[in-house]
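Structure assessment
Residue strings, one per chain:
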Amino acid sequence: MNSVSEEERKKILESSPVGTWALMLIVGGGMVIAWLLMYYGVFLPRGHIG
Amino acid sequence: MSNTEEKKLALTHLWVAFAAFALAAVMGLYQVVERSGFFGFLESREVYYASVSTHGVLMGFVLTTFFIMGFGYYVATSSLKLPVWNKSFAWAGFGVSLLGVVLAALPLLGGAASVLFTFYPPMKAHPLFYIGATLLVVGSWFWCVSMIVMYMQWKKANPGAPVPLAMFATTGNAMLWLWTSAGVAVEVLFQLIPWSLGWIDSIDPGLARTLFAWTLHPIVYFWLIPTYTAFYCLVPKQAGGYLFSDEMARAAFILLIVFSLPIGFHHLYMDPEQAHGWKILHAIGTFVVTLPTFVTGFTVIASLEIAGRLNGGKGLFGWIAALPWTNPMVLAIILGLLMLIFGGFGGLVNASYAMNAMVHNTAWVSGHFHLIFGGTTIIMYFGIAYYFWPILTGKPLHSPSLAITQLWSWFIGMIIMTTPWHILGLLGQPRRIDSVNYNNLLTLSWEPYEVTMIFGGLILLVSSGLLVYNLYKTQIGGESYQGEVEYAEPIHAPSDLPEYLNSFKVWNIIIAVFMLIAFGYPILQFFRMETFGSGAWGV
């Protein structure tokens, strides 16, 4: 299914993938936050072994 | 070029792979039911460990190895436009591997090789199991030789030209597997087989685990590279677009191959035989491997974004909805990437030197590798199968809608099964145990999660059945189909690639240096200090 004009097609192929950058930032940021939550919210409160 | 024989070769390998998968899926459901303790008549420690060992070997070694070989043969012939080099040699490799599977299956199914798929000594199996596993690996080396020879044939005939990306990745995987399998090959040949045959009385588990760690992490990338090959080389075309960057793809494959090898000690964080410094060195390397994973994520998602926008998608994320979600391969990558995000986070926790202590040997670990392996890797094997089956059999796919249902059910089943598994790990449930029913408050609190896992396992088993049914019905279908593998074109075709992005020579030298640094002294130390062997343990 190709519903874009030739001009639009050329523009798409030459433009930066902004949606991908946004997704990568969201996923990367989410991973950092999740890791910090796991470290400070779950791991450290368990204290020392024994 | 007539490639009827190549199709038969690939299809035969792939059928062995999916037959192993189907059997292992049945065992998977049995295991999750048995260990829950809800069905007393099913409880049997001996049967459970025989099943879990067979499940692991079938999924981790048989499904993967045969799939990778079958996929590789057809990628080689279709991307290079060359016949498979020395088909008798290729069939001989298939025969050796299959013989190995049969030999290993005998003690496995009889309960005489209940040592799990990692076969860590001092657990001891029947010699046939180790000999069979060795033959499986030796047979796969035939495939490695075939891939490297075909790659060299093509390079000789096309001097200076970029090797087609799919073949570049496949050859890289063959080289990776030769490096990867060396560790376990040494362990099996010089420790496990002599020990199991009674030629030596005891075994050094520390040395054995160190050698297995050599293999245990890069083997994951051996499994994953066909998935990534499909991500880069097949999906963009199926989605209606182009590969965002051929050069970035090559760089990612090289980084994956080079950095997946010298990092295996993150499997030994809690082991006493290696010092902290070596473990930290491997831990740093482990985080380096996230780099090519992110490069892959970026390049592949950018390729999908291009396809979505060419299909009319607008806005920051509107292109996602414009992707052809009803194409099995496109759906497989979308669901696979989602599971990679969740599984990848779990992997970061595992790789974190301190936090690993919290999840070490808990159900978290089983949840993690099922999500990464059963999720991201295997769902793409399904996507590849749905694309390859019509090409290899010359029959149209029996039911594309059933394929879509199967992929969704696999995703849903995997999420339902692995989420409670992770939670159970954080609640302290150990992995590798045949029963979780100790009738105290702690284990009683696990029950709702066990029920959920059984439900997830049931969905996965049904999904497995749908896959095999669809492939079988395709094979016996009456209609004919004419088609060939279509590889994605990059936006900008590589015309003048530097040699380091088109050859593995320099990378093999770098790998050798890295492996010497990462494993040289840690292995040598066992021959410089007094160690004490262990007798056999077992179920």
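Residues numbered from 1 in each chain as written. Chains lettered and ligands numbered in written order. Predicted model: local features only at pLDDT ≥ 70, side-chain atom pairs only at ≥ 80, totals over all residues.

Some points on the overall build of chain B
How we decide: The helix and strand labels rest on DSSP assignments: H or I over at least four residues marks a helix, E over at least two residues marks a strand, and numbering proceeds from the N terminus. Within these notes, the globule rule equals 2.2 Å times the number of residues to the 0.38 power, and the radius of gyration is based on C-alpha atoms. Burial is judged by counting the other C-beta atoms within 10 Å of a residue's own C-beta: 20 or more makes it buried, 12 or fewer makes it exposed, and any count in between marks it as partly exposed, with every C-beta position built from the backbone.
In terms of helices and strands, chain B carries 19 helices and zero strands. Taken over C-alpha atoms, the radius of gyration comes to 23 Å for chain B, in line with the 24 Å a tight globule of 539 residues would show. Along the first, second and third principal axes, the C-alpha atoms of chain B reach 60 × 50 × 45 Å. Here chain B holds 539 residues, and 53% of them are scored as buried.

Quick word on the overall build of chain A
The secondary structure content of chain A amounts to two helices and zero strands. A compact globule built from 50 residues should have a C-alpha radius of gyration of about 10 Å, whereas chain A, at 21 Å, is more than 25% larger. Projected onto the principal axes, the alpha-carbon positions of chain A cover approximately 70 × 20 × 10 Å. Burial analysis of chain A (50 residues in total) assigns 12% to the buried set.

Re the packing of helix H6 (residues 205-216) of chain B against helix H19 (residues 505-528) of chain B
Residue and element names in this part refer to chain B. As a reminder of what qualifies: Structural elements are reduced to axes, namely lines fitted to C-alpha atoms, with helices fitted over the stretch in contact, and the angle between N-to-C directions of any two is expressed from 0 to 180 degrees. In these notes the angle categories are as follows: under 35 degrees is roughly parallel, over 145 is roughly antiparallel, 65 to 115 is roughly perpendicular, and the rest is oblique. Left-handed describes a crossing in which the near helix is turned anticlockwise from the far one by less than a right angle; the clockwise case is right-handed. Contact definition: two residues whose C-beta atoms, as placed from backbone geometry, lie within 7 Å. Polarity classes work like this: nonpolar for Ala, Val, Leu, Ile, Met, Phe, Trp, Tyr, Cys and Pro, charged for Asp, Glu, Lys and Arg, and polar for all others, with Gly in that last group.
For the pair H6 and H19, interaxial distance at closest approach is 9 Å and the crossing angle is 160°. The orientation of H6 relative to H19 falls into the category roughly antiparallel. Of the two possible hands of crossing, H6 and H19 adopt the one that is left-handed. Contact residues: Gly 206, Leu 207, Thr 210 and Trp 214 in H6; Phe 519, Pro 522, Ile 523 and Phe 526 in H19. Looking at side-chain class alone, the contact of H6 with H19 contains six nonpolar, two polar and no charged residues.

Thoughts on the UniProt feature "transmembrane region" (unreviewed entry) in chain A
Note the cut-off: UniProt positions are given in the numbering used here, feature names are shortened, and annotations may be inferred rather than shown by experiment.
Following the UniProt record, one finds the feature "transmembrane region" (unreviewed entry) at residues 20-42 of chain A. Note that residues 20-42 of chain A is 100% helix and 0% strand, and that its end C-alpha atoms are spaced 31 Å apart.

A word on the interface of chain B and chain A
If you look at the interface, chain B gives 24 residues, while chain A gives 23 residues. At the level of elements, helix H11 (290-310) and helix H13 (328-351) of chain B are the ones that each hand at least two residues to the side of chain B that touches chain A. Its residues assigned to classes, the side of chain B that touches chain A comprises 18 nonpolar, four polar and two charged.

A few points about the packing of helix H15 (residues 363-393) of chain B against helix H16 (residues 400-426) of chain B
Each pair of packed helices can be summarised by the angle the axes make with each other and by the distance between the axes. Remark: H15 of chain B packs on H16 of chain B, axes separated minimally by 7 Å, with the N-to-C direction vectors making an angle of 170°. When the interaxial angle is binned, H15 of chain B and H16 of chain B end up roughly antiparallel.

A word on unusual backbone geometry
Residue and element names in this part refer to chain B. The peptide bond linking Pro 121 to Pro 122 adopts the cis configuration, its omega dihedral lying at 20°. Mapped onto the elements of the fold, Pro 122 is located in the loop between helix H3 (87-109) and helix H4 (127-157). Of note, the phi angle at Asn 361 is positive, near 55°, even though the residue is not glycine. Position of Asn 361 among the secondary structure elements: in the loop between helix H14 (356-359) and H15. For Asn 361, a count of 13 C-beta atoms within 10 Å puts it in the partly exposed group.

With respect to the environment of Met 27 of chain B
Residue and element names in this part refer to chain B. As for its placement among the helices and strands, Met 27 is situated in helix H1 (residues 4-36). Met 27 gets classed as buried once you count the C-beta atoms within 10 Å, which come to 20. Taking the C-alpha atoms as reference, Met 27 lies 7.3 Å from Val 52; in sequence the two are 25 residues apart. Apart from the residues lying within four places of it in its own chain, the contact partners of Met 27 are Ser 51, Thr 54 and His 55.

Some thoughts on helix H5 (residues 165-196) of chain B
Residue and element names in this part refer to chain B. What counts here: The length a helix should cover is 1.5 Å for every residue beyond the first. To obtain the bend at a residue, axes are fitted to the seven residues ending there and to the seven starting there, and the angle between these axes is taken.
In this model, H5 (32 residues) spans 43 Å end to end at C-alpha, consistent with the 46 Å of a helix rising 1.5 Å per residue. Taking the largest bend as the criterion, H5 deviates by roughly 40°, centred on Val 188. Backbone geometry just after H5 places Gly 198 at a positive phi near 85°.

Considerations on the environment of Arg 528 of chain B
Residues and elements named next belong to chain B. Its place among the elements puts Arg 528 in helix H19. Note on Arg 528: 8 C-beta atoms within 10 Å, which makes it exposed. When the C-alpha atoms of Arg 528 and Ala 105 are compared, they prove to be 38 Å apart, with 423 residues separating the residues in sequence.

Some points on the confidence of the model for chain B
Going by this rule: Within a predicted model, pLDDT stands for the predictor's per-residue confidence, ranging from 0 to 100.
Across chain B, pLDDT averages 94, with 99% of residues at or above 70. Both confidence scores are given for the complex: pTM 0.95, ipTM 0.92.

Some words on the environment of Val 26 of chain B
Counting through the fold element by element, Val 26 of chain B comes out in helix H1. For the pair formed by Val 26 of chain B and Ser 51 of chain B, sequence separation is 25 residues and the distance between their alpha carbons is 9.7 Å.

Considerations on H6 of chain B
All names here are of chain B. Taking 1.5 Å of rise per residue, the 12 residues of H6 would be expected to cover 16 Å, and the 15 Å separating its terminal C-alpha atoms lies within 8% of that figure. Among the 12 residues of H6, 11 are classified as buried, and the element is accordingly described as predominantly covered. Among the residues of H6, those classed as buried are Pro 205, Gly 206, Leu 207, Ala 208, Arg 209, Thr 210, Leu 211, Phe 212, Ala 213, Trp 214 and Thr 215.

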